[in-house]
Structures are given as structure tokens and as C-alpha cells.
Amino acid sequence: YFKSYDSNVGNLSGTVNAINYAVKMGADIINYSGGGDEPSLEEAKAIMIAQSKGIVFVAAAGNESRNIDQKPFFPASYEFENIVAVASISSGKTLSTTSNYGQKRVSLAAPGNNIFSQWIGGGYNFNSGTSQATSVVSGSIALLLALNPARSSLEISKALIESSDKTDSLMYLARSNGSLNTLNAAKALLSLDL
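Calculation notes
- Within each chain, residue numbers correspond to sequence positions counted from 1 in written order.
- Per-residue local features are limited, in this predicted model, to residues with pLDDT of at least 70; the limit for side-chain atom pairs, both in listing and counting, is 80 or more; totals at the level of whole chains, interfaces and linings are taken over all residues.
- Side-chain measures here rest on the full set of heavy atoms in the structure, leaving out hydrogens and waters.
- Each residue gets one of three labels from its accessible area relative to the maximum for its type: buried under 20%, exposed over 50%, partly exposed in between, using a 1.4 Å probe on protein chains only.
- Comment: elements are numbered from the N terminus, with helices defined as DSSP H or I runs of at least four residues and strands as E runs of at least two.
- At least two bridges found by DSSP between two strands is the condition for calling them paired.
- Seen with its strands pointing away from the viewer, a crossover is right-handed if its path from the first strand over the helix to the second goes clockwise.
- Residues qualify for a patch when their relative accessible area is over 30% and they have no salt bridge, like charges being joined within 9 Å and the nonpolar side chains of Val, Leu, Ile, Met, Phe, Trp and Tyr within 5 Å.
- With residues, only the protein chains shown are counted as cover, and all accessible areas are computed by Shrake-Rupley using a 1.4 Å probe.
- Salt bridge, as applied in this entry: a Lys or Arg side-chain nitrogen positioned within 4 Å of an Asp or Glu carboxyl oxygen.
- Pairing of aromatic rings covers Phe, Tyr and Trp, the last counted by its six-membered ring, and requires centre-to-centre distances within 6.5 Å; plane angles under 30 degrees mean stacked, over 60 mean edge-to-face, and any other angle means tilted.

Caption draft 1: Quick peek at the pairing of strand β1 (residues 29–32). Alternating positions in β1 separate into two faces, Ile29 and Asn31 on one and Ile30 and Tyr32 on the other, with burial throughout. Where β1 lies against strand β2 (residues 56–60), four bridges are found, and the strand directions are parallel. Paired with Asn31 across the strands is Val58, a residue of β2. Once the chain exits β1 it traverses helix α2 (residues 41–52) before rejoining the sheet at β2, and the crossover so formed is right-handed.

Caption draft 2: View of unusual backbone geometry. Following Phe74, the chain continues into Pro75 via a peptide bond in cis, with omega recorded as 15 degrees. The topology assignment puts Pro75 in the loop between β2 and β3 (83–89). Although it is not a glycine, Ser65 sits at a positive phi angle of roughly 60 degrees. Considering the arrangement of structural elements, one finds Ser65 in the loop between β2 and β3. Ser65 gets classed as partly exposed once you look at its relative accessible area, which sits at 38%. Backbone geometry places Lys93, a non-glycine residue, at a positive phi of 60 degrees. Here Lys93 shows up in the loop between β3 and β4 (108–111).

Caption draft 3: Here's a closer look at a nonpolar patch on the surface. A cluster of nonpolar side chains, contributed by Phe116, Tyr124 and Phe126, occupies part of the molecular surface with about 400 Å² of accessible area. Tracing the backbone through its elements, the reader meets Phe126 in strand β6 (residues 124–127). Judged by relative accessible area, Phe126 falls into the exposed class, the value being 52%.

Caption draft 4: Spatial organisation of the packing of aromatic side chains. Evaluation of the coordinates by the stated rule reveals five aromatic pairs. Plain terms: the ring middles of Phe74 and Tyr78 are 4.9 Å apart, the flat faces sit at 45 degrees to each other, and that makes the pair tilted. Between Phe116 and Tyr124, the aromatic rings sit 5.6 Å apart at their centres with planes inclined by 25 degrees, giving stacked as the arrangement. For the pair shown, Phe116 and Tyr124 are each scored as exposed. Taken together, Phe74, Tyr78 and Phe80 form an aromatic cluster joined through their ring pairs.

The following block contains the structure:
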């Protein structure tokens with residue numbers, strides 16, 4: 001797990017190094033909270049290498065209240081098979097007011113409002129945004145991977161997206177048209193083993 005906040009040059013270099021380190025250490029999941037408006041060849045290459053190793057890259061969709069199909073937000077907007085781009089929803093399963101969205105680029109939505117989270121510099125606080133939603137999805141993939149060790153993290157992430165709770169409020173705002181439902185994914189994975 002690592003967290004990044006913007007795409008300035010120094011931070012981007014650190015991000016690429018962190019992705020490469022996760023690949024080297026045999027990670028199953030990379031959780032990425034951050035991004036920016038400009039793509040990076042080095043970042044894209046690192047994510048592609050992660051994909052070649054079967055690593056899921058869970059990326060925050062961003063908090064600019066915009067459609068990232070029309071105005072991309074990277075790395076969530078890269079078109080790689082291993083990217084799970086996550087939007088944020090409120091407790092009422094409606095898109096958070098600040099969350100980015102996109103029927104093509106965003107995979108699904110997850111709880112992201114008032115989540116008890118680790119705070120910069122230590123301690124914990126209640127925070128909101130796609131960073132929090134992304135961590136929830138990464139945790140769900142890790143849980144399902146532990147329960148289904150014969151499955152790859154890519155298979156589990158696909159099951160998680162396909163078994164989302166479809167809701168009218170998220171229609172056309174994410175590829176899944178829905179929000180995270182870990183129990184549905186667990187049941188779907190169980191039925192695949194029968």
C-alpha cells in the first residue's frame with residue numbers, strides 16, 4: 001500500500017519507484033490514491049509491468065466532480081486491464097459531490113464519505129474522497145483473495161466489478177453502474193468453484 005497526492009515531478013518519480021518496488025516484492029494489489037491531469041510514459045510503463053505480473057492496480061478516480069471519460073485523470077484513466085478505478089459514494093449510495101465519474105474509465109463506486117482513516121503525520125481522522133473509497137475496494141480484493149487463494153487478484157477484481165450493486169443513481173457514472181458489494185462477489189466466486 002502506498003499513497004501519493006499529486007503528479008509533480010518528484011512525486012511522480014517516487015510513485016514510479018513505488019510501483020516498481022511493489023512488482024519486485026510480488027504484490028497482488030497496488031492501492032493508489034492520487035493522480036493528475038497529465039499522463040506519464042514512465043508511470044504507464046510501470047503499471048503495464050504490474051499488469052504483466054497479474055497485479056491489480058486500484059486507482060482513485062479523483063475528486064474534481066468531473067467526467068474522466070471526457071477529461072482524463074491519471075492513472076485512473078489509463079486503459080489497462082488491471083486498473084480498477086474507484087469513485088466515491090455517500091451512505092445513501094449516491095455519487096459523492098466531489099467524486100469524479102465516467103462510464104468507460106470508472107470501474108465501480110465504494111463508500112468514501114466520512115471514513116475513519118489514517119491521518120498524515122500519524123493518528124486517525126474522518127476523511128472523505130475517492131482515496132478512502134479506493135482503500136475500501138483494495139481491502140475487499142485482499143479479503144476475497146485470502147478466501148480464494150486459487151484465484152488471481154485480476155479474477156477477483158473482475159468478479160467484484162461484475163457483482164456490484166446496480167443502482168439508478170449510479171447508472172452511466174461507472175462501468176459497473178453500481179457500487180461495491182463484497183458479499184455478492186464472494187458468492188459469485190464460490191459459485192464459480194462449484
